[in-house]
Amino acid sequence: MNSPSIRVSSIDDPRVSPYRHIAAPDELLDLGVFVAEGRLVVRRLLELRQWSIESILLTQAAADNLDDVLPLTTAPIFIVDQDVMNGIAGFNIHRGCLAIVRRPATTTLDRIVAGPLSRVLVLEGVNNPDNVGGLFRTAAAFGIELVVLGPHSGDPLYRKAIRTSMGATLSVPFARAPQWPGAIADLRADGFTVVALTPDMTATPLEDVRPTGRLALLVGSEGEGLTRDAFDAATLMARIPMSQAVDSLNVTTAASIAMYHCFAERRE
């Protein structure tokens, strides 16, 4: 049974003090929590029922919108006017919907042993939250079973990344790679073909990549792309053929094309 809603009328109410850190990711990390923002994301958070929700902060309109899923949690539900919510957060939360969630222990990828995993996405240096969120959204669409976060990759639990992913970062498993490029070598040792995406014209055209068995797609940051060490550790390099008038694609777009090619469910 869910907790009864609690009316909060002051921005100084200590019960909602964690929401004052919403614009300060480092402070949220220190508190061991992350923020979920928006009605769709919070609905997804509640429906998954796997996260430890500390509290939910809602306007009455948002509470009415989520009325069917709020009974799924026993976390305190604070109801505030829009101006109070904006005052607590420090900016306009136009959808009137926030949640504070306990951050789980960091999962690290030391080695993937024999098991059911066959579809993996590996990121190196992808730190823009829109790109991180977009990659997770596409990963969810094509059945990616694990996202490996290499050096300098962004936080999938940053609120903007969660929002951009439409909540996919809450459902697609991810792990940090403390050893780099050793994590790529470990994937290969565990039977994965690791395909590194690049616009390099000497790389294999993507349509010539015929995935069978365990496959990991490796993508790098925009601008610099993958490091030489990452390329050297991969099984092969692949490119998406395109007009010579364009030198590269956004990383989310490129990875989405590759995931479709490699993992789309096709009817015979």
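Throughout, a residue's number is its position along its own chain's written sequence, starting from 1. Reporting of local features is limited, given that this is a predicted model, to residues whose pLDDT is at least 70; pairs of side-chain atoms are given and counted only at 80 or more, and all residues count toward the totals for whole chains, interfaces and linings. The side-chain values count all of the structure's non-hydrogen atoms but skip hydrogen atoms and water molecules.

S.K.: Quick question: what am I supposed to make of the layout of surface pockets here?
M.R.: Over the atoms a probe the size of a water molecule is rolled, and this reveals where empty space is left. Method remark: on a 1 Å grid restricted to protein atoms, a set of points is classed as a cavity if a 1.4 Å probe fits but cannot get out and as a pocket if it is open with protein on both sides within 12 Å along at least five of seven lines; lining residues have an atom within 4 Å of a point. Grid points are joined across faces, edges and corners, and a volume is the space filled by probe spheres set on the points. The space that makes up the largest pocket amounts to roughly 390 Å³. As for the largest pocket, its lining consists of 20 residues, and the residues nearest its centre are Leu197, Thr198, Pro199, Ser248 and Leu249. Looking at the lining of the largest pocket, its residues break down into 11 nonpolar, six polar and three charged. What lines the second largest pocket is a set of 21 residues, among which Pro104, Ala105, Thr107, Leu157 and Phe174 lie closest to the centre. Amino acids outside the nonpolar list (Ala, Val, Leu, Ile, Met, Phe, Trp, Tyr, Cys, Pro) and the charged list (Asp, Glu, Lys, Arg) are all regarded as polar, and Gly is one of them.

S.K.: I would appreciate a short explanation of a nonpolar patch on the surface in the present structure.
M.R.: A contiguous nonpolar patch, built from Met242, Val246, Leu249 and Ile257 and spanning about 280 Å² of accessible area, is present on the exposed surface. Numbered from the N terminus, helices here are DSSP runs of H or I no shorter than four residues, and strands are runs of E no shorter than two. Examined against the element boundaries, Met242 turns out to sit in the loop between strand 12 (236-239) and helix 9 (251-263). Burial status follows relative accessibility: with a 1.4 Å probe on protein chains alone, a residue under 20% of its type maximum counts as buried, one over 50% as exposed, and anything between as partly exposed. The class of Met242 is partly exposed, set by a relative accessible area of 33%. The patches described consist of residues with a relative accessible area above 30% and no salt bridge, like charges being joined within 9 Å and nonpolar side chains (Val, Leu, Ile, Met, Phe, Trp, Tyr) within 5 Å. Note on areas: Shrake-Rupley with a 1.4 Å probe; residue coverage comes only from the protein chains shown. Salt bridges, as used here, are contacts in which a Lys or Arg side-chain nitrogen is within 4 Å of a carboxyl oxygen on Asp or Glu.

S.K.: Looking at this structure, how should I read the sheet that holds strand 5 (residues 97-102)?
M.R.: Two orientations exist for strands paired in a sheet by backbone hydrogen bonds: parallel and antiparallel. When DSSP finds two or more bridges between a pair of strands, those strands are recorded as paired. Taken in spatial order, the five strands make up an open sheet running 1-4-3-5-2, and their pairing is mixed. Two strands close off the open sheet at either side, each with one partner strand: strand 1 (5-7) and strand 2 (33-37). With strand direction ignored, the average angle separating the axes of adjacent strands in the sheet is 20°. Strand direction decides the pairing type here: strand 3 (residues 53-58) and strand 5, joined by five bridges, are antiparallel. When the sheet's bridge partners are listed, Ser55 is paired in strand 5 with Ile100. To get an axis, fit a line to the C-alpha atoms, keeping to the stretch in contact for a helix; angles then go from 0 to 180 degrees between the N-to-C directions.

Interpretation note: all reported values are geometric properties and have no functional meaning in isolation.
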